[in-house]
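These are the residues of each chain, in order.
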Amino acid sequence: MEIEIKFRVDFNEIREKIENLGARLIREEVQEDLYFSVPLPRLLRIRHIINLGEVILGYKEIQDEKNEEFEEIEVKVEDFEKMKEILTRLGFGEDVWVKKHRLVYKLDDVTFELNKVENLGDFLDIEVIGEDVREAKGKIWKIAQKLGLNESDVESRLYQQLMREKREATLQ
């Protein structure tokens, strides 16, 4: 299971703090995620990691009310446009695009995904993969505190939800 907590952050400030913890940068990604309209708690997206030339079809199922626990299945696919066409022909409508510049850091079994999200701001996802949710969240919070993050920095809404709210606000 993927356990992650998302925080609103200042990109450069938190980047320095992550590096000072001793986390190592594993990759930089320029992502475009296309989310499809499926009922929650399910999420369906195609992720195009432009700078790496990768396309990933992802399915997530939210396991809790805070959007911190997920069952996730991902598979690499060859062609973004063809995958999009298949899903569209199957009846899945496009919902929102989420465009990000992401730095991925690793410290032991903890992954840091530092994101500059177009039109939304800067976020940090701290993630642990495991079956013991309490233990994983304990690890995440221990590290979050070392980074100076607390409960008030948490953003529990999904990127998809934030983009929808932004879209709706501009329509009014």
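Our structure's up above, just so we're on the same page.
The rules we used
Residues numbered from 1 in each chain as written. Predicted model: local features only at pLDDT ≥ 70, side-chain atom pairs only at ≥ 80, totals over all residues. Heavy atoms only, no water. Pairing = 2+ DSSP bridges. Helix = DSSP H or I, 4+ residues; strand = E, 2+ residues; numbered from the N terminus. 1 Å grid on protein atoms, 1.4 Å probe; cavity = no way out; pocket = protein on both sides within 12 Å on 5 of 7 lines; lining within 4 Å. Points joined across faces, edges and corners; volume = space filled by probe spheres on them. Nonpolar A, V, L, I, M, F, W, Y, C, P; charged D, E, K, R; others polar. Core = buried A, V, L, I, M, F, W, Y, C linked by side-chain atoms within 4.5 Å. Buried < 20%, exposed > 50% of the residue type's maximum accessible area, 1.4 Å probe, protein only. Contact = heavy atoms within 4.5 Å. Arc of directions from axis to C-beta. Axes fitted to C-alpha atoms, helices over the stretch in contact; angles between N-to-C directions.

**Q** What should I look at first to understand the pairing of strand E2 (residues 24-36) in this one?
**A** Looking along a regular strand, one sees side chains alternate from face to face of the sheet. For E2 and strand E6 (residues 94-107), the ladder comprises 12 bridges, and the chain directions are antiparallel. By the bridge assignment for E6, glutamate 28 is matched with leucine 103. Sheet analysis places E2 next to strand E3 (residues 42-49), joined by 5 bridges and oriented antiparallel. The residue bridging glutamine 31 from the neighbouring strand is isoleucine 49, located in E3.

**Q** It is not clear to me how the layout of surface pockets should be interpreted in this structure. Could you clarify?
**A** The computed volume of the largest pocket comes to approximately 520 Å³. Lining the largest pocket are 36 residues, and of these Arg47, Lys60, Arg102, Glu113 and Glu127 lie nearest its centre. Here the residues of the lining of the largest pocket are counted per class, giving 11 nonpolar, 5 polar and 20 charged.

**Q** How do you make sense of the nonpolar core when you look at a structure like this?
**A** Side chains of a nonpolar character, in soluble globular proteins, are inclined to be buried together. Counting 24 residues, the largest nonpolar core has Ile14, Ile18, Phe112, Leu124, Ile126, Leu147 and Leu149 as its most contacted members. Put simply, the parts of the chain that give this core at least two residues each are strand E1 (2-8), helix H1 (11-20), E6, strand E7 (110-117), strand E8 (121-129) and helix H3 (133-146). Per-element tally for this core: the top contributor is H3, with 4 residues. Filtering out sequence-adjacent residues up to four positions away, leucine 149 remains in contact with Phe7, Val9, Ile14, Leu124, Trp141 and Ala144.

**Q** Just to check I follow, could you spell out H1 for this structure?
**A** Listed as buried for H1 are Phe11, Ile14 and Ile18. End-on, the buried residues of H1 take up no more than an arc of 75°, which puts them together on one face. Turned more than 90 degrees from where H1 packs its buried face, Asn12, Glu16 and Asn20 sit exposed. Contacts from the buried residues of H1 go to E6, E7 and E8. Glycine 22, located one to two residues past H1, shows a positive phi value of around 100°.

**Q** Sorry, what's going on with the sheet that holds strand E5 (residues 69-77) here?
**A** The strands that make up a sheet are held in pairs by hydrogen bonds between backbone atoms, and each pair lies either parallel or antiparallel. With respect to topology, 8 strands assemble into a closed barrel ordered E1-E5-E4-E3-E2-E6-E7-E8, the strand pairing being antiparallel. Direction aside, the axes of adjacent strands within the sheet are offset by 35° on average. Pairing between E1 and E5: 2 bridges, direction antiparallel. Bridge pairing in E5 links glutamate 2 to phenylalanine 70.

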